[in-house]
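The primary structure of each chain is shown beneath.
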Amino acid sequence: MAGCCDSGCSAPKQAVSPRYRRILWIALVVNAAMFLVELGGGWQAASVSLFADSVDFLGDAGNYGLSLFVLAMAPVWRSRAALVKGLTMGGYGVLVLGVTLWRASQGGVPEAATMGSIGLLALLANVLVAVLLYAYRDGDSNMRSVWLCSRNDAIGNLAVMLAAAGVFGTGQGWPDIAVAAIMAGLGLSAARSVVGQARGELAKA
């Protein structure tokens, strides 16, 4: 492939697995639905960690859609898509961090029961998607970004449930704030990983 690129021709398209395409469609639908569920629940519960998770679901739905769009394209386009997704992850991390700091300055105690129940539902949804995508976790930067989205979502859902338990046990809002800050950090870390791999692939292309 290096010789082909050196001679000026584009990299050949790779065969697209029908199973992988179906999994991406499932992931897109699940994430779009959970965005609506968590957005409403986060508003009702006044929970910044649920808000963070809902925004993550929305971003992931968009990322899955982008992955489907470039799936049959040449590798260089998939790397470019991964770069866009990595930058989106970074934007998510910055947004959640900003909202978390604002929420911390406002005070208040979220509703633990709503946080816990919606967090459990979101966890089940993300574990399903993560299991389906597990076999593709070591693919190109585009596949890796999809896997990291699902992995981080499952970790985030566990964190939301822990935050709900912390809010219930302490009667204070700081566990919700702490979990939202951790989720922001996960987003920034995943962004760095995906952007770095995508840039490396583009440099080779």
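Bear in mind the structure is a predicted one, so any value in this text is a computation, not a measurement.

Peer 1: Help me understand the overall build of the protein chain in this model?
Peer 2: The secondary structure content of the protein chain amounts to 7 helices and 0 strands. Listed by position from the N terminus, the elements making up the protein chain come as α-α-α-α-α-α-α. Relative to its full complement of 205 residues, the protein chain shows a buried share of 46%. Surface summary for the protein chain: the accessible area is close to 9,800 Å², and the carbon and sulfur share equals 69%.

Peer 1: Whenever I open this one, the nonpolar core confuses me. Can you help?
Peer 2: Within soluble globular proteins, side chains that are nonpolar generally end up buried alongside one another. Within the largest apolar cluster, 28 residues are counted, with the highest numbers of intra-cluster contacts made by Tyr-20, Leu-24, Tyr-64 and Leu-133. Elements represented by at least two residues in this core include exactly α2 (18-45), α3 (48-70), α4 (75-106), α5 (112-133), α6 (141-170) and α7 (174-204). The element best represented in this core is α2, accounting for 8 residues. If near-sequence neighbours (up to four positions away) are discounted, Tyr-20 is found in contact with Leu-71, Leu-133, Tyr-136, Met-143 and Val-146. The next biggest cluster of nonpolar side chains, apart from the first, holds 17 residues, and it includes Ile-118, Ala-159, Ala-164 and Met-183.

Peer 1: Explain the environment of Phe-69 to me, please; I cannot follow it from the model alone.
Peer 2: Note on placement: Phe-69 falls in helix α3. Between the C-alpha atom of Phe-69 and that of Ala-81, which follows or precedes it by 12 residues, the distance is 9.3 Å.

Peer 1: Help me understand the confidence of the model for the protein chain in this model?
Peer 2: Interpreting fine coordinate detail is not advised for predicted regions of low pLDDT. Averaged over all residues, the pLDDT of the protein chain equals 79, while 88% of them reach at least 70. Contacts for the low-pLDDT stretch residues 1-14, under 50 throughout, to residues beyond four places or in other chains number 13 contacts.

Peer 1: Is there a simple way to think about the side chain of Ser-54 in this case?
Peer 2: Mapped onto the secondary structure, Ser-54 falls in helix α3. On the basis of relative accessible area, Ser-54 is assigned to the buried category, the value being 0%. A polar contact is formed between the side chain of Ser-54 and the backbone oxygen of Phe-51, at a distance of 2.7 Å. Look past the residues within four positions of Ser-54 in its chain and what remains in contact with it is Phe-35, Glu-38 and Leu-39.

Cut-off values and rules
By convention here, each chain's residues receive numbers from 1 onward along its written sequence. Local features in this predicted model are restricted to residues whose pLDDT is 70 or higher, and side-chain atom pairs enter the listing and the counts only when it is 80 or higher, whereas totals over whole chains, interfaces and linings include all residues. Note that water and hydrogens are dropped before the side-chain values are worked out from all heavy atoms of the structure. Helix and strand definitions here come from DSSP, where helices need a minimum of 4 consecutive H or I residues and strands a minimum of 2 consecutive E residues; each element is numbered from the N-terminal end. Relative accessible area decides the class of each residue, using a 1.4 Å probe on protein chains only: under 20% of the type maximum gives buried, over 50% gives exposed, and in between gives partly exposed. Methods summary: accessible areas were calculated by the Shrake-Rupley approach with a probe of 1.4 Å, and residue burial reflects only the protein chains presented. Nine residue types can take part in a nonpolar core, namely buried Ala, Val, Leu, Ile, Met, Phe, Trp, Tyr and Cys, and a core is a set of them joined through side-chain atoms within 4.5 Å. Residues count as neighbours in contact if any of their non-hydrogen atoms are within 4.5 Å of one another. Residue-level confidence of the predictor is what pLDDT reports, using numbers from 0 through 100. For the purposes of these results, a polar contact is taken to be a pair of N or O atoms within 3.5 Å, where, inside protein, one atom must be able to donate a hydrogen and its partner to accept one; residues adjacent in sequence count only when each atom of the pair is a side-chain atom.

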